[in-house]
Amino acid sequence: MGAARSTRRLVSSFAFLFLALAWLSSPRASALSLGSWPDGRPLAQGNTNASRTPVTVQAPPITSAGTEVDPGCEEYGAWTTQANPRTDTMSMNNHDFPEGSDTTYFMTYLPSSPLGVVVTIAGRYPRARYVSLQVYVGDILLDSVTGTAIQPDPGQNNPFVSGMEQGTFTAYLIYGQKPSNPAPNTIYTHGFAEVTLIYRLYHTTDPDSPAGEAYDPVLPDVWLDGIYLSSCPPRPVIYPEDLTPWGRLSNGDWIGTPPTPDLQIPAQNPPPWWITGPWGTHYFPNADNYYFATMLSREFLSPNTEDDLFVLQFNTPGFPTTRAGEPAWLNRQVRFWSVCTDDPYTTNVNRCVPDSDALVDSYGFATFVISDPGGKPSDAALAQFHARWLPWGALASEEDVMTDRQGQSWGADTPLHYYNLVLYRQTSAQDWFVRSMKNISQYPWTLQPALMGPYWPVSGYCATEEFEAAGLACILE
């Protein structure tokens, strides 16, 4: 590739990144900014002046209906929203770009409380790859304690640090500013009065146990200032998947409507990748995650072009294979990783491939193909090129709808699934993993691909028959 062409593509990539990030933060995006600091800065930029008192953001009421509280959880006080598309009967809590493979976000909405109030959380460690307790104002992360840092009760074991026994723990959320030397097992509201507590589990050892086979209690018990908040039991996994609108997203080709100018999202061919971290961003980010993201568009697919699919490849980091019997605490490059397809309008996740389901070749590379079912390569070609297929996402019928964060329905008469936000997340990367997203994100964007080397994604659009003949080579010049 010539130097002039490389420069043009680099400048174009910078422009795309600014436009895409600006759109995702704009009022047209489905998840709006939920507040601001007194000086007018968006809440997403963080409070760099600790002496200022942030504006209180209204959290959803504990007994709210619709998109916030799961059916059957209305009369409970804790874990009333359980964001997991596999347990979501109406696909109404599939928001904020969740990790969609055997992952559950158990949410408790805490009412306005004065400074000094203590929330006590007493639970049993789950059998899972990852667990954490995190607190948010609106959808902005305030504080977090990850499973490896949650100290067990006296005489108990933490299976995220050693051994396999599921011991018990006690953690605390304190309404107030975080001190310079915070107490163990404690997170803080940073002065906010109404917050959301999330108990986050990734990749449970039993995929049909959203609570990770915990017992006595199944989900952590919660006391707000000494008052017990009853826990809504885990919602059961729904079988077969296509009983729900989310489960049917892989059943057919796209039947939507192209976006009008006011709903168009910046997209580029080839699409550049960018890394984003958890702090100061919207959509309930995980404190232990860093994310690769890129925006796809159907304007680069048939019938507009000769291409039918998007192909992606990268060198995969090592992880503990907990479903094969390894303990979660093994010293691998990351605790977890996955690749997901998402709708940017509703912030719904379409599908994910977790690390343990990826097909990795003898050189450590995994390949992913994203398309409608009509553009899916043959099973033989996918196996030959060590590739997993992910559906782009499409409603199965004109009767199906998906909902956004405001409870609005998106159907076949909307541009739902015209675009696709691809997210590749790495969870709890080790500091010694020098080519992790977390480490590479500290460098200027222009240097990141070279520094990350084979761990940086290689991707592009191509035709199905071209992929079946050549694999990733279909996009290489």
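Here, every reference points to the structure presented above.
The notes below deal with the structure included here. (Residues numbered from 1 in each chain as written. Predicted model: local features only at pLDDT ≥ 70, side-chain atom pairs only at ≥ 80, totals over all residues. Heavy atoms only, no water.)

Describing the overall build of the protein
Stated precisely, the cut-off is as follows: Secondary structure is summarised from DSSP: a helix means a run of H or I of at least four residues, a strand means a run of E of at least two, and numbering begins at the N terminus for each. Type-normalised accessible area, obtained with a 1.4 Å probe on protein chains alone, sets the label of each residue: buried when under 20%, exposed when over 50%, and partly exposed for intermediate values. The contact rule is simple, with two residues in contact once any of their heavy atoms fall within 4.5 Å. Residue-level accessible areas treat just the shown protein chains as cover; the underlying method is Shrake-Rupley with a 1.4 Å probe.
On a plain count of helices and strands, the protein comes out with 5 helices and 21 strands. Expressed as a percentage of its 477 residues, the buried residues of the protein come to 57%. When contacts within the protein are restricted to residue pairs at least 6 apart in sequence, long-range pairs at least 24 apart make up 71% of them. Accessible surface, the protein: about 18,800 Å² in total, of which carbon and sulfur atoms supply 55%.

Comments concerning the state of the cysteines
To be explicit about the condition: By convention in this document, the label disulfide applies to cysteine sulfur atom pairs within 2.5 Å.
All chains considered together, the criterion is met by 3 disulfides. Two residues share a disulfide in this structure: Cys-73 and Cys-232, whose sulfurs sit 2.0 Å from each other. Measuring handedness by torsion sign, the sulfur bridge of Cys-73 and Cys-232 sits at about -65 degrees and is left-handed. With Cys-73 in the loop between α1 (3-24) and β1 (81-83) and Cys-232 in the loop between β10 (227-229) and β11 (274-276), this residue pair connects regions lying 159 residues apart in the sequence. Classification of Cys-232 as buried rests on a relative accessible area of 0%.

Some details on the sheet that holds strand β14 (residues 336-342)
Note the cut-off: In this analysis, strands are considered paired if DSSP registers two or more bridges between them. Axis angles are defined between N-to-C directions and span 0 to 180 degrees, where every axis is a line fitted to C-alpha atoms and, for a helix, only to the segment in contact.
Pairing is antiparallel in the open sheet, where 5 strands are placed in the order β11-β12-β20-β14-β15. In this open sheet, the two edge strands, each paired with only one partner strand, are β11 and β15 (349-354). Mean inter-strand twist for the sheet, computed between neighbouring axes without regard to direction, equals 25 degrees. Pairing of β11 with strand β12 (residues 289-297), which is carried by 3 bridges, proceeds in the antiparallel orientation. Directly across from Ile-275, in β12, lies its bridge partner Phe-292.

A few points about the pairing of strand β16 (residues 365-371)
On a regular strand, one side chain projects to one face of the sheet and the next to the other, so that they alternate. Put simply, the rule reads: Handedness of a crossover: with both strands directed away from the viewer, a clockwise path from the first strand across the helix to the second marks it as right-handed.
Extensive coverage of β16 is indicated by the burial of 6 of its 7 residues. As defined by bridge partners, strand β13 (residues 309-315) adjoins β16 across 6 bridges and the pair is classed as antiparallel. Bridge pairing in β16 places Phe-310 opposite Ile-370. With 5 bridges connecting them, β16 and strand β17 (residues 387-391) associate as parallel partners. Paired with Val-369 across the two strands is Trp-389, which belongs to β17. This β-α-β element, β16 to helix α2 (residues 379-384) to β17, shows right-handed connectivity.

Observations concerning a nonpolar patch on the surface
In plain terms, the rule: What goes into a patch is any residue over 30% in relative accessible area without a salt bridge, connected to like charges within 9 Å or, for nonpolar side chains (Val, Leu, Ile, Met, Phe, Trp, Tyr), within 5 Å. We define a salt bridge as a side-chain nitrogen of Lys or Arg found within 4 Å of a carboxyl oxygen belonging to Asp or Glu.
A cluster of nonpolar side chains, Tyr-443, Leu-447 and Leu-451, forms an exposed patch at the surface whose accessible area comes to about 270 Å². Relative to the elements of secondary structure, Leu-451 occurs in helix α4 (residues 448-452).

Side note on the sheet that holds strand β4 (residues 128-137)
Ordered by their spatial adjacency, 5 strands build an open sheet running β1-β2-β8-β4-β5, and the pairing between neighbours is antiparallel. Each of the sheet's edge strands pairs with one partner strand only, and the pair in question is β1 and β5 (140-146). Each adjacent strand pair in this sheet contributes to an overall mean axis angle of 25 degrees, direction not counted. Where β1 and strand β2 (residues 104-110) come together, 3 bridges link them in antiparallel fashion. Across the sheet, residue Thr-81 finds its bridge partner in β2, namely Met-107.

Examining the packing of aromatic side chains
As a reminder, the rule being used: When two rings of Phe, Tyr or Trp (its six-membered ring) have centres within 6.5 Å they constitute a pair, described as stacked for plane angles under 30 degrees, edge-to-face for angles over 60, and tilted for the intermediate range.
Per the stated rule, a full pass over the model turns up 25 aromatic pairs. With centroids separated by 5.9 Å and ring planes inclined at 45 degrees, the aromatic side chains of Trp-79 and Tyr-199 adopt a geometry described as tilted. Placement of Trp-79 in the loop between α1 and β1 and of Tyr-199 in strand β8 (residues 195-204) is noted, with a sequence separation of 120 residues between them. According to the relative accessible area criterion, Tyr-199 is buried, its value standing at 1%. A ring pair is formed by Trp-223 and Tyr-228, whose centres lie 5.6 Å apart and whose planes are at 55 degrees; its orientation type is tilted. On the accessibility criterion, Tyr-228 (41% relative accessible area) is partly exposed.

Quick look at the pattern of salt bridges
Tallied over the entire structure, the rule returns 12 salt bridges. A salt bridge links Asp-400 to Arg-248; its shortest N-O distance comes to 2.7 Å. Of this pair, Asp-400 sits in the loop between β17 and β18 (402-403) while Arg-248 sits in the loop between β10 and β11, placing them 152 residues apart in sequence. Judged by its relative accessible area of 8%, Asp-400 falls in the buried class. A salt bridge links Asp-379 to Lys-376, with the nearest nitrogen and oxygen atoms 4.0 Å apart. One connected set of salt bridges, linked through shared partners, spans Arg-86, Asp-102, Asp-208 and Arg-323.

Details of the pairing of strand β6 (residues 168-174)
Where strand β3 (residues 118-124) meets β6, 7 bridges bridge the pair, whose relative direction is antiparallel. Opposite Thr-120, over in β6, you have Tyr-172 as the bridge partner. Direction of pairing for β6 relative to strand β7 (residues 186-188): parallel, over a ladder of 3 bridges. Note that in β7 the partner of Ile-174 across the bridge is Tyr-188.

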